[in-house]
There are 2 protein chains.
Amino acid sequence: MPGDPADRQDPIEHCRRVLRAAGVRVTHQRLEVFREVLHSRSHPDAESVFRGVRDRLPTVSLDTVYRTLWLLNDLGLITTLGFPHERHRFDGNTRPHHHFVCTRCGLTGDFYSEELDGLAVAEAVSEFGVADRTQVEVRGLCRSCLEGKDGARRKEGE
Amino acid sequence: MPGDPADRQDPIEHCRRVLRAAGVRVTHQRLEVFREVLHSRSHPDAESVFRGVRDRLPTVSLDTVYRTLWLLNDLGLITTLGFPHERHRFDGNTRPHHHFVCTRCGLTGDFYSEELDGLAVAEAVSEFGVADRTQVEVRGLCRSCLEGKDGARRKEGE
DNA sequence: CTACATGCAAAGGGTTTGCACGACA
DNA sequence: TGTCGTGCAAACCCTTTGCATGTAG
């Protein structure tokens, strides 16, 4: 899907191509939403993207921004922080641990690795601030999503 | 705060102690919410915690569960997946990268590390499924939160 | 006994959806 | 020109808040 040298240099063209390949239309709104997320360096929320896009497309609506963001996410053109469409979730595990997250169903499991606990990243993040806790998030597909092709959402089951 | 050998063996007792130390009351509801999150292996949302607690405290209400979860979070007894009170946020950076997250204001910045990109975690997560993408999340305090003591929320500012 | 926490219900805010108009292919 | 996408507004759902009652200390 990616790797096209021309697309690397022109992400907008890449976006056009992916949209076309997916059989959906290439609209100004979609390109502008993509451009906005691409150029934002702050991991914006929908409202923020909306404000940015509205400067160039004054008639754009917030719900179109939402629809477009999820479309771009589904097509792999952008990603989300955390898990899509997810509500707040809590973690009672106070041992140092890391997370495996299934990108299809949202299953999140803990795993342990002393090697990962001791990751040295202090320098890499020094431009932002001071590190307190380092956690590795591995995204992938869980076993049941690998087998069954059911796109079923995760059912909370303890 | 932690490290007490007795508390390691009895988290509930640890919870009691932290609540008292914080000058808030030790109620059945708080202990049961804590117990529920502690024993859940699925990173439950508030609704799920509510259902679990209700089995033992039939009169408990959902809003008490919410209030208690955030209290326990603020006291460091539990944590959240993702960033507390946060709405959906999007990421247009398709290069392999990692995140620095300020636990006070929510500022989230990208940083790069080829060493981290190549982390070998396949075995550790094999019990859950197949890894696709590995991302490191470093939590800490950003520069402005280190200096200014303002607990101000982040303003979306591109 | 007194202040704090709870339960209830209603409000709040972010996100999604139904429908008629408008624009891409 | 036909179909898909958009804008509008209302609905939806998760989460928070105000207030009277109950309860820990």
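Scoring rules and cut-offs
Residues numbered from 1 in each chain as written. Chains lettered and ligands numbered in written order. Predicted model: local features only at pLDDT ≥ 70, side-chain atom pairs only at ≥ 80, totals over all residues. Heavy atoms only, no water. Pairing = 2+ DSSP bridges. Helix = DSSP H or I, 4+ residues; strand = E, 2+ residues; numbered from the N terminus. Axes fitted to C-alpha atoms, helices over the stretch in contact; angles between N-to-C directions. Contact = heavy atoms within 4.5 Å. Buried area = accessible area lost by both parts, 1.4 Å probe. Salt bridge = Lys/Arg side-chain N within 4 Å of Asp/Glu carboxyl O. Polar contact = N/O pair within 3.5 Å; in protein donor to acceptor, adjacent residues only side chain to side chain. Nonpolar A, V, L, I, M, F, W, Y, C, P; charged D, E, K, R; others polar. Least-squares fit on C-alpha atoms with pLDDT ≥ 70 in both. Parallel < 35°, antiparallel > 145°, perpendicular 65-115°, else oblique. Left-handed = near helix turned anticlockwise from the far one by under 90°. Near = heavy atom within 4 Å. Buried < 20%, exposed > 50% of the residue type's maximum accessible area, 1.4 Å probe, protein only.

S.K.: Explain the sheet that holds strand β4 (residues 108-111) of chain B here, please?
M.R.: Neighbouring strands of a sheet are bound in pairs by backbone hydrogen bonds; such pairs are parallel or else antiparallel. The mixed open sheet is built from six strands, whose spatial order is β4(A)-β3(A)-β5(A)-β5(B)-β3(B)-β4(B). In this open sheet, the two strands that pair with only one neighbour each are β4 (108-111) of chain A together with β4 of chain B. Averaged over all adjacent pairs, the angle separating strand axes in this sheet is 30 degrees, with direction ignored. Taken together, the four bridges between strand β3 (residues 98-102) of chain A and strand β5 (residues 129-142) of chain A define a ladder with parallel strand orientation.

S.K.: Mind showing me how you'd approach the interface of chain B and chain A here?
M.R.: The parts lose accessible area when they come together, and the size of an interface is often stated as this lost area. With 65 residues of chain B at the interface, the matching set in chain A holds 65 residues. Taken together, both faces of the contact between chain B and chain A bury some 6100 Å²; the carbon and sulfur share is 56%. The largest share of the area that chain B buries against chain A comes from H43, F90 and F128 of chain B, three residues that together contribute 15% of it. Linking chain B with chain A are two salt bridges, by the criterion used here. Put simply, D45 of chain A and R87 of chain B hold a salt bridge, and the shortest N to O gap is 2.7 Å. Applying the counting criterion to the chain B and chain A interface returns 32 residue pairs in polar contact (both at pLDDT 80 or more). No other element matches the 14 residues that strand β5 (residues 129-142) of chain B contributes to the side of chain B that touches chain A. Broken down by class, the residue content of the side of chain B that touches chain A amounts to 27 nonpolar, 19 polar and 19 charged. Strand direction decides the pairing type here: strand β1 (residues 79-81) of chain A and strand β2 (residues 89-91) of chain B, joined by three bridges, are antiparallel.

S.K.: What's the story with the relation of the copies chain B and chain A in this structure? I'm lost.
M.R.: Rotating chain B by 180 degrees and translating it 0.0 Å along the rotation axis places it on chain A, where the RMSD comes to 0.1 Å. Put plainly, the chains are arranged around a two-fold axis. For chain B, the minimum C-alpha distance to the rotation axis belongs to V136 of chain B and amounts to 2.2 Å.

S.K.: Whenever I open this one, the packing of helix α3 (residues 28-39) of chain A against helix α4 (residues 46-56) of chain A confuses me. Can you help?
M.R.: Helix packing geometry: the angle between the two helix axes and the distance between the axes. All names here are of chain A. At their nearest, the axes of α3 and α4 sit 9 Å apart, and the two run at 125 degrees to each other. Here α4 runs oblique to α3, going by the angle between their axes. Here α3 and α4 pass one another in a crossing that is right-handed. Here α3 contributes E32, V33, R35, E36 and V37 to the contact with α4, which in turn contributes V49, G52, V53 and R56. Here the residues of the contact of α3 with α4 are counted per class, giving four nonpolar, one polar and four charged.

S.K.: Quick question: what am I supposed to make of the protein's contact with DNA strand D here?
M.R.: Around DNA strand D, the structure places 21 residues, and the nearest of them are R25, D63 and T64 of chain A together with Y66 and H85 of chain B. Sugar and phosphate atoms constitute 67% of the interface atoms of DNA strand D, taking the interface as everything within 4 Å of the protein. In this structure, a base nitrogen belonging to DNA strand D sits 3.0 Å away from a side-chain N or O atom of R67 of chain A. At a separation of 2.9 Å, a phosphate oxygen of DNA strand D approaches a polar side-chain atom of W70 of chain B. Listed by contribution, the elements that provide at least two residues to the surface near DNA strand D are α3 and α5 (62-74) of chain A together with α5 (62-74) of chain B. Among the elements that make up the surface near DNA strand D, the one with the highest residue count is α5 of chain B (five residues). Residues belonging to the surface near DNA strand D are distributed by class as follows: six nonpolar, seven polar and eight charged.

S.K.: What exactly am I supposed to notice about the pairing of β3 of chain A here?
M.R.: Residues and elements named next belong to chain A. Here β3 lies mainly inside the structure; five of its five residues are buried. Every second residue of β3 is oriented toward a common face, with H98, F100 and C102 on one face and H99 and V101 on the other, all of them buried. One ladder, built from four bridges, connects β3 with β4; its direction is antiparallel. Looking at β4, one finds that H98 is bridged to F111. Hairpin connection from β3 to β4: five residues lie between these consecutive antiparallel strands, with G106 at a positive phi of about 90 degrees.

S.K.: Whenever I open this one, the protein's contact with DNA strand C confuses me. Can you help?
M.R.: Neighbouring DNA strand C are 22 residues, the closest being Y66, W70 and H85 of chain A together with Q29 and D63 of chain B. Of everything in DNA strand C that lies within 4 Å of the protein, sugar and phosphate atoms constitute 67%. One of the side-chain nitrogen or oxygen atoms of R30 of chain B is found 3.3 Å away from a phosphate oxygen of DNA strand C. Within the backbone of H88 of chain B, one N or O atom sits 3.1 Å away from a phosphate oxygen of DNA strand C. Looking at the surface near DNA strand C, the elements that each hand over two or more residues are α5 of chain A together with α3 (28-39) and α5 of chain B. The element that contributes the greatest number of residues to the surface near DNA strand C is α5 of chain A, accounting for five residues. Counted by class, the surface near DNA strand C contains six nonpolar, eight polar and eight charged residues.

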